[in-house]
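Examination of the molecular architecture
For reference, the chains in residue letters:
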Amino acid sequence: MKITRVSTLLLSATLPQERRWRSDLGTMVKADIALVQVETDEGISGLGAAQGSPEVIKAMVEDELQPLLLGEDPTWTERLWAKMYNGSRFEPSLARGYSLQGHGRRGDMMAAIAGVDIALWDIFGKVLGQPIYKLLGAARDRIRGYASGGWAPGEQAGEEIAGYIAKGFTAAKMRAEGMDGFSIPKSIRRIAAARKAIGPEVELFVDAHGSLNPSTAIRLAKRMEEYDVGWFEEPVSPDYHSGMAEVRAATSVPIATGERETTRFEFRDLLEKRAVDIIQPDIAISGGFTETRRIAAMASAYGVRFAPHVWGSGVLFAASIHIALSAPNCHIFEVSQARYGPLVYEIFTEPFDIREGHVYAPKGPGLGFELRPDVEKRFAYVPGPAYVYTSA
Ligand SMILES: [Mg+2]
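Residues numbered from 1 in each chain as written. Predicted model: local features only at pLDDT ≥ 70, side-chain atom pairs only at ≥ 80, totals over all residues.

**Details of the domain arrangement of the chain**
Put simply, the rule is: Start and end points for every domain follow an automatic or database-based domain assignment. Every helix listed is a DSSP run of H or I at least four residues long, and every strand listed is a run of E at least two residues long, numbered separately from the N terminus. Under the convention adopted here, Pro, Cys and the residues Ala, Val, Leu, Ile, Met, Phe, Trp and Tyr are nonpolar, Asp, Glu, Lys and Arg are charged, and Gly plus all remaining residues are polar.
Annotation of the chain at the domain level lists domain 1 (3-129) and domain 2 (135-375). Put simply, the middle of domain 1 and the middle of domain 2, counted by C-alpha atoms, are 22 Å apart. Those elements that place two or more of their residues in the side of domain 1 that touches domain 2 are β1 (3-14), β2 (22-23), β4 (30-40), β5 (45-50), α2 (77-86) and α4 (107-128). No other element matches the 14 residues that α4 contributes to the side of domain 1 that touches domain 2. Per-class residue counts for the side of domain 1 that touches domain 2 are 22 nonpolar, eight polar and eight charged.

**Brief notes about unusual backbone geometry**
For the record, the criterion: Three exposure classes are used, based on other C-beta atoms lying within 10 Å of a residue's own C-beta, which is placed from the backbone: buried for 20 or more, exposed for 12 or fewer, and partly exposed in between.
Unlike most non-glycine residues, His-209 shows phi in positive territory, near 55°. Here His-209 is to be found in the loop between β8 (203-207) and α8 (214-224). Here the phi dihedral of Glu-234 falls at roughly 40°; this positive angle occurs in a residue that is not glycine. On the basis of neighbour count, Glu-234 is assigned to the buried category, with 24 C-beta atoms found within 10 Å.

**A look at the sheet that holds β2**
Heads up, the rule is: When DSSP locates at least two bridges between a pair of strands, those strands are taken to pair.
Spatially, β2-β3-β16 is the arrangement adopted by the three strands of the open sheet, whose pairing is antiparallel. If you trace the sheet from one side to the other, it starts and ends with β2 and β16 (387-388), each paired once. Sheet analysis places β2 next to strand β3 (residues 26-28), joined by two bridges and oriented antiparallel. Opposite Ser-23, over in β3, you have Gly-26 as the bridge partner.

**Section: the nonpolar core**
Grouped burial of nonpolar side chains is what soluble globular proteins tend to show. As a reminder of what qualifies: In this usage, the nonpolar core is the set of buried Ala, Val, Leu, Ile, Met, Phe, Trp, Tyr and Cys residues whose C-beta atoms join them within 7 Å. Note on contacts: residues are paired as contacts if their backbone-placed C-beta atoms lie within 7 Å.
Grouped together as the largest cluster of nonpolar side chains are 119 residues, with contacts concentrated most on Val-116 and Ala-172. No other element matches α4, which puts 13 residues into this core. When residues of this core are sorted by domain, at least three fall in each of domain 1 (3-129) and domain 2 (135-375). When near neighbours in sequence (up to four residues on either side) are disregarded, Ala-172 contacts Tyr-146, Ala-147, Gly-150, Ile-161, Tyr-164, Ile-165, Val-202 and Leu-204.

**Some thoughts on the environment of Gly-104**
Along the chain, Gly-104 falls in the loop between α3 (90-96) and α4. With 17 C-beta atoms counted inside 10 Å, the residue Gly-104 sits in the partly exposed group. C-alpha separation for the pair Gly-104 and Gly-87, spaced 17 residues apart in sequence, amounts to 8.4 Å.

**Things to note about the pairing of strand β9 (residues 229-233)**
For the record, the criterion: By convention, orient the strands away from the viewer: a clockwise path from the first strand over the helix to the second makes the crossover right-handed.
The element β9 is extensively covered by neighbouring structure, given that five of its five residues are classed as buried. Sheet topology note: the β8/β9 ladder contains four bridges and is parallel. Bridging across to β9, Asp-207 finds its partner in Glu-233. Crossover connection from β8 via α8 to parallel β9: handedness right-handed. Regarding the hand of the β-α-β motif, the stretch spanning β9, helix α9 (residues 241-250) and strand β10 (residues 255-257) is right-handed.

**Quick look at the sheet that holds β1**
Strand pairing within a sheet occurs via backbone hydrogen bonds; the two strands may be parallel or antiparallel. Worth spelling out the cut-off: Orientation is described by lines fitted to C-alpha atoms, with helices fitted over the stretch in contact, and by angles between N-to-C directions that extend from 0 to 180 degrees.
The three strands are arranged β1-β4-β5 in an open sheet whose pairing can be described as antiparallel. Looking at which strands have only one partner, the edges of the open sheet turn out to be β1 and β5. The average angle at which neighbouring strand axes cross in this sheet is 25°, direction not considered. Relative to β5, β4 runs antiparallel, the two sharing six bridges. The partner of Ala-34 across the bridge, within β5, is Ala-50. Sheet contacts for helix α1 (residues 54-69): β1, β4 and β5; angle to β1, the most-contacted strand, approximately 170°.

**Let's talk about the environment of Asp-24**
Within the fold, Asp-24 resides in the loop between β2 and β3. Separated by 186 residues in the primary sequence, Asp-24 and Gly-210 have C-alpha atoms spaced 9.7 Å apart. Those residues in contact with Asp-24, other than ones at most four positions away along the chain, are Glu-177, Phe-182, His-209 and Ser-211.

**Quick word on the packing of α1 against α4**
Stated formally: Should an angle fall under 35 degrees it is taken as roughly parallel, and over 145 as roughly antiparallel, whereas 65 to 115 is taken as roughly perpendicular and any remaining angle as oblique. Two helices crossing with the near one rotated counterclockwise from the far one by less than a right angle form a left-handed crossing, whereas a clockwise rotation gives a right-handed crossing.
Running from N to C, α1 and α4 point in directions that differ by 60°, and their axes come no closer than 9 Å. Considered as vectors, α1 and α4 are oriented oblique to each other. Of the two elements, α1 crosses α4, and the hand of that crossing is right-handed. Contact residues: α1 offers Val-56, Ile-57, Met-60, Val-61, Leu-65 and Leu-69, while α4 offers Asp-108, Met-109, Ala-111, Ala-112, Ile-113, Gly-115 and Val-116. Considering only residue class, the contact of α1 with α4 consists of 11 nonpolar, one polar and one charged.

This is the structure in structure tokens:
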């Protein structure tokens with residue numbers, strides 16, 4: 001079997017005015033996704049997701065990576081990952097047994113590599129007639145989900161989080177900054193309202209999207225301890241691992257991070273700096289199945305748990321299920337409660353199997369999902385930024 005074509009499919013969904021929400025990222029006006037399609041001479045094709053700037057991903061996948069992949073056997077996943085990562089030096093890299101990486105090895109290029117890698121595993125699963133999590137080595141056939149949302153201002157945060165729990169979830173995540181803007185008292189008021197509404201047994205997580213500096217994050221974390229927050233996510237910039245470690249050392253609230261990190265090398269730095277309790281690689285950013293399973297295994301040696309970041313496309317959601325079902329140290333799975341998320345929940349012919357707060361294994365081979373034939377028409381790509389900054 002040989003690869004005959006590698007292409008991208010860019011899709012957008014514009015949020016209706018009444019479904020838009022605001023956080024520290026600004027107001028989200030639309031969602032964009034970049035999907036990767038790998039075709040073969042035997043008629044089997046694979047689907048992947050790359051989380052980055054869509055038009056940049058398209059150029060990287062089609063112009064930079066496709067020439068490296070044409071004519072190769074798509075089931076040789078390690079070889080092709082090494083080829084994409086090491087570029088022209090991949091032959092000596094495989095011969096010597098260590099990386100001799102090329103120039104494009106981080107940022108959106110790693111997202112593009114991830115998108116291709118996910119599509120290759122989809123093909124591999126279809127060739128063998130097995131779901132990807134079994135190829136990786138199955139650890140479980142369902143994973144506990146947590147409801148990820150939480151933007152409501154002030155006391156309304158209680159009602160919002162309680163609404164998620166009413167759907168059957170036993171854990172939920174809220175944003176440190178809600179629609180009412182950021183201050184420590186505002187955050188604490190929302191967290192207190194959420195805890196009061198859900199009682200002591202439900203796990204409650206708080207995400208700051210890397211928006212705080214260490215001293216502010218420490219002050220907030222210390223106040224959060226009283227509300228038994230299960231993890232504090234991205235308290236500081238992902239570009240400041242030692243700042244993350246400083247926050248972790250100053251509070252009993254566990255630290256979660258990693259959704260914007262790429263490759264085992266960046267995660268090694270987080271682990272060596274003792275900066276993290278729960279790693280959250282995004283499989284469509286961190287390097288696909290091939291790299292993310294290495295990251296999860298490495299974290300397990302540090303006693304660090306794995307909770308993948310799952311926010312973007314349905315293809316990311318599907319791929320994340322497989323990595324979560326196969327990584328023994330994965331304990332929980334992000335289920336978006338975005339106020340408008342058709343690119344997650346409405347692109348496949350079959351719905352995800354989410355029941356009683358758990359996400360269940362897909363039955364079909366590969367990723368286990370096929371795109372609806374009308375996605376390109378329904379979600380035509382619209383250039384321009386997804387977020388517009390508006391103050392609260
Ligand atoms: Mg996050």
